[in-house]
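Structure at a glance
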Amino acid sequence: MSENGFGEPSKGAEQLALIKESARKSKGPRAKPRTWRGAALAEGLPVARVLVDKGLLHLDQYFDYAVPAAMDADARPGVRVRVRFGARVVGGRREGGTLHDGFVVERRADTDFHGPLAPLAQVLSAEPVLGPGLLNLCRQVADRYAGALADVVQLAVPPRMARAERDPSPDPLPAPAAPPPGTWTRYATGPAFLQALARGDAPRAVWLALPGPHWPQELAAAMATALAAGRGALAVVPDGRAAARVDAALTALIGEGHHVVLTADAGPEERYRRWLAVSRGSVRAVVGTRAAMFAPVADLGLVALWDDGDSSHAEPHAPQPHARDVLLLRARQEQTAFLLGGITTTVEGAQLVDSGWALPLAAPREEVRAAAPLIRTVGDADQARDEAARAARLPSVAWQVTRDALARGPVLVQVPRRGYVPRLACDHCREPARCATCAGPLELPDQQGSPACGWCGRPAVDWSCPNCAGTRLRARVVGARRTAEELGRAFPRVPVRTSGRDTVLATVGAAPALVIATPGAEPVADEGYAAALLLDGWALLNRPDLRAGEEALRRWALAAALVRPADQGGTVVVLAEPTLRPVQALVRWDPAGHARRELAERAELRFPPVSRMASVTGSPGALADMADTVRLPPATDVLGPVPLPQPARARRSTAPGADREEPRQRLLLRVPPGNGAALAAALKEAQVLRATRGGAEPVLVRMDPPDIG
DNA sequence: AGCACGCCGACT
DNA sequence: GTCGGCGTGCTC
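Residues numbered from 1 in each chain as written. Chains lettered and ligands numbered in written order. Predicted model: local features only at pLDDT ≥ 70, side-chain atom pairs only at ≥ 80, totals over all residues. Heavy atoms only, no water.

Per an unreviewed UniProt entry, chain A goes by the name Probable replication restart protein PriA and belongs to Actinacidiphila acididurans. One UniProt comment on chain A, placed under Function (unreviewed entry), says "Initiates the restart of stalled replication forks, which reloads the replicative helicase on sites other than the origin of replication. Recognizes and binds to abandoned replication forks and remodels them to uncover a helicase loading site. Promotes assembly of the primosome at these replication forks." According to its UniProt record, chain A has this under Sequence similarities (unreviewed entry): "Belongs to the helicase family. PriA subfamily." (UniProt positions renumbered as here; feature names shortened; annotations may be inferred.)

Each domain of chain A was delimited in the assignment, giving domain 1 (8-130), domain 2 (182-368), domain 3 (372-601) and domain 4 (612-651 + 661-703). Taken together, the contact pairs 20 residues of domain 2 with 25 residues of domain 3. The junction of domain 2 with domain 3 conceals about 1800 Å² of combined surface from both sides, 59% of it contributed by carbon and sulfur atoms. For the pair domain 2 and domain 3, the number of links is three salt bridges. Our count for the contact surface shared by domain 2 and domain 3 stands at 11 residue pairs in polar contact (both at pLDDT 80 or more). By residue number, the principal contributor to the side of domain 2 that touches domain 3 is helix α10 (residues 347-354), which donates five residues. Among the residues forming the side of domain 2 that touches domain 3, the class breakdown is six nonpolar, six polar and eight charged. (Domains from an automatic or database assignment. Contact = heavy atoms within 4.5 Å. Buried area = accessible area lost by both parts, 1.4 Å probe. Salt bridge = Lys/Arg side-chain N within 4 Å of Asp/Glu carboxyl O. Polar contact = N/O pair within 3.5 Å; in protein donor to acceptor, adjacent residues only side chain to side chain. Helix = DSSP H or I, 4+ residues; strand = E, 2+ residues; numbered from the N terminus. Nonpolar A, V, L, I, M, F, W, Y, C, P; charged D, E, K, R; others polar.)

Let's shift gears to the UniProt feature "binding site: Zn(2+) 1" (unreviewed entry) in chain A. Mapped onto the present numbering, the UniProt feature "binding site: Zn(2+) 1" (unreviewed entry) falls at Cys426, Cys429, Cys465 and Cys468. The largest pairwise C-alpha distance within this set of annotated residues, which runs over 43 residues, is 8.6 Å, so the set is compact in three dimensions. Position of Cys429 relative to the elements: it lies in the loop between β17 (424-426) and β18 (442-443). The exposure class of Cys429 is partly exposed, given its relative accessible area of 25%. Aside from chain neighbours lying at most four places away, what touches Cys429 is Cys465, Asn467 and Cys468. Locating Cys465 in the fold gives a position in the loop between β19 (452-453) and β20 (473-475). (Buried < 20%, exposed > 50% of the residue type's maximum accessible area, 1.4 Å probe, protein only.)

The following block contains the structure:
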């Protein structure tokens, strides 16, 4: 092995001969590695199989590179490297080619590439960040979503921070003692689930958490039990606030040093430092937000996901994997326990139970009654009878409950987002009002202004409802700030706190206060809220979305779960029709029943998640070409194509020529249960074919699109 | 995707 | 006679 691997004369001559030989087209699948330039190669395993970091489907394969002797020690599987890629052969020389990042996935003695190998340009770091387990997971996620491996790896491996890498990680602590079951005893099968974890088994449960403040401790106890059994544990939660609560609970249970928190607010370097501690096996428990779903926990024994209905669990970057699916893949691949918890249950959660893969983990009825607040509804009929409501935007029940509760503690007011810009609907039939010209939503731009289109800005003159021919408009939602002002005026001696998009409060004290919050930004009250007003009733339910009911129930229940139990006077007033299914589910506090009924309905209508779906988006021509190319599984339904409305985009089209773009259309593909993988594979194959063929316009493929009307 | 090779029209 | 159109094909 030569110290300086490059340019040794005798070897250089040999290489030249090999280059000439290669021009004669060598045969046989196991060619000995040959390389350009006069590099001395690593002696033992001179070939590195490299995943080149280019998110291109038709380059979704490994490339072999020669390992210069000088890089032999560092170029281990999993390390980051830089390689020259895309060079051309001119005469006997390689020219051009740009440097790309990549990962060594394997060291080999030989290659099946029929040609001379380019050498690795550089080993960026000797840290093996993409180990076999993580690589395998990324591969499965890429396949599941018809995406490119490199795209998934980019989501899974954080960017390198050299300083964090230099420092050693702490020595691993011995496993902590198993915690007592605590409030898990409130659930029928709670202790049994923990016992199975303690034995090192892999129980799987869909956990309908009781309302109230205990879920972070319960989640932490499950993790600590897995740790005590000598296994690792991973919990993914929707946001930093939830992560902080589980972190605090875990620290209280087993102290510091056993776990890390992986969230964005730690900053990139600290986050990478913690990630390395996990990757190096120093720490075996992780609490984090979405990206933590890939955390390479050693000997994983439990994966948990909290509130899988929260939209932040859907990764926005290609191929847009959902944390629930990634953790399901991990539970299967790594043979771990699985805990899908929430105040409500999604249809996907209900399906895991329905299929028998997971068991329901729920509390008996009397525990629910002891934990849930009293729910009161105010429907349209009540509001019509209520003169105070018409004058003052809030029904008198809400005023009474608020006044009453403010004597005992804080009151939470859940208001819809969007400040002062209420959208408009037909006063008679409640159909959302749309612009006659562009079908955009009609809005009231300011308090005194006249209604206008939110997309094209045209004023709505002579509006009439296409549904019922009504001519009067009403505000669909009351702006958050306005409600806050009104309530503040009504209770002048009570402090008003607001928590929303820009300023999210984590907690509020036990003293009387009005806490105005948008959905998802509700602070936790130290001793629970005395009452909650849920004011965004039909704004939530009116959305043209398959999940509108589930999502409304989820947001209401999350807010209601912060209120004291009914026997301590906890009351929730929800402004919504009491006959609607999600409203009834809230009143009876039966989110699991709601999810089961939604699931049954989806099954009947052959909607996801019972059937699997993919959407293909592009110009009409490109879609037709894609349809000709793809070899779909036999039982595929092809729905559409339908034109896709282009909201937002139309208003701020900055790209030149954006407006002469063809209208985009969407094709939906639906397969029966069990054919999702075949559909993904077929779409990926067609994408590769089309991209390789050249000249074809790209289309966007998305598995399990979340936004189908 | 980039990037270069390759085979047909209007220019010094 | 050449410069250059972007069709086609490859990237270890």
